[in-house]
Amino acid sequence: MASVPKTYWTAEQYLTRERRAEFKSEFFRGETFAMAGASARHNLIVANCVTSLNNQLKERPCVVYPSDLKLEVRATGLITYPDLTVVCGKPEFGYDRGDVLHNPIVIVEVLSESTESYDRGKKFEHYRLIPSLRHYILVSQDRVSVEVFTRQPTPDSREDAWLLNASTKLEEALALSAIGCQLPLSEVFAKVDLTEETPAAN
């Protein structure tokens, strides 16, 4: 039997469909990939991060966006939904609808069993190609753990290095030097019950 050919979309076709879709999907190289729904714990951690950064940035020209805003990595064509993005200065949007961001300075992803390898690996490879990005933050949802990768420009033409600063202590805070903020772990995990069984989904 002949195999059924795959359907390939342009970015514009994907966005037209995605804006009407009930569930989120990523887009890469003409294909769409369904994204798993987020658990209550995942959403609480994202909300905590949004609140903490919003409070610190309210007097500065920076905006914190939660996970419904799409992001395009122009160097590779990936369109996805980070859990949280921060933009300082004027946001740059693509496709004339104001819903596909191009210039984040901070990206936060909350890890899950199903997405951790992707968030640490291939997705970070995409994100590193965003010229404006200075901090990539990974937050666990089953234990107290936050990792901040900070871009370190190199003096020659090689790819920039990324310095890791991590903590597993609620009383500590990690510096986000590019936006002049601290990310206190006590705020990230406020009201998060880590004694419950780890959710299977995001």
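Each remark here, short or long, concerns the structure printed above.
Here's what I pulled together on the structure shown here.

The rules we used
- Residues numbered from 1 in each chain as written.
- Predicted model: local features only at pLDDT ≥ 70, side-chain atom pairs only at ≥ 80, totals over all residues.
- Heavy atoms only, no water.
- Helix = DSSP H or I, 4+ residues; strand = E, 2+ residues; numbered from the N terminus.
- Expected span 1.5 Å × (residues − 1).
- Buried < 20%, exposed > 50% of the residue type's maximum accessible area, 1.4 Å probe, protein only.
- Salt bridge = Lys/Arg side-chain N within 4 Å of Asp/Glu carboxyl O.

**Considering helix H2 (residues 40-57)**
When the terminal C-alpha atoms of H2 are compared, their 26 Å separation across 18 residues agrees well with the 26 Å that a helix rising 1.5 Å per residue should span. Among the residues of H2, Arg 41, His 42, Ile 45, Val 46, Asn 48, Cys 49, Val 50, Ser 52, Leu 53 and Leu 57 are the ones counted as buried.

**Focus on unusual backbone geometry**
Residues other than glycine seldom take positive phi values, yet Arg 29 does so here, at roughly 50°. Position of Arg 29 relative to the elements: it lies in the loop between strand E1 (25-28) and strand E2 (31-34). Of note in this structure, Tyr 95 is not a glycine but carries a positive phi near 70°. With respect to the helices and strands, Tyr 95 occurs in the loop between strand E6 (84-88) and strand E7 (100-101). Classification of Tyr 95 by relative accessible area gives partly exposed; the value is 26%.

**Looking at the pattern of salt bridges**
Within the structure shown, the criterion is met by 12 salt bridges. With its nearest N and O atoms 2.9 Å apart, the salt bridge here joins Glu 116 to Arg 120. A residue pair is termed a helical-turn pair when its members lie 3 or 4 positions apart in one helix, as Glu 116 and Arg 120 do in helix H3 (residues 116-120) at four residues. For Glu 116, a relative accessible area of 26% corresponds to the partly exposed category. In this structure Arg 120 comes out as partly exposed when scored by relative accessible area, which is 30%. In this structure, the salt-bridge partner of Glu 125 is Lys 122, at a minimum N-O distance of 3.9 Å. Within this pair, Glu 125 and its partner Lys 122 are both found in helix H4 (residues 122-127), separated by three residues, close to a single helical turn. Of the residues examined, Glu 125 reaches a relative accessible area of 38% and is grouped as partly exposed. Because the salt bridges share partners, they merge into one network encompassing Glu 26, Glu 109, Asp 119 and Lys 123.

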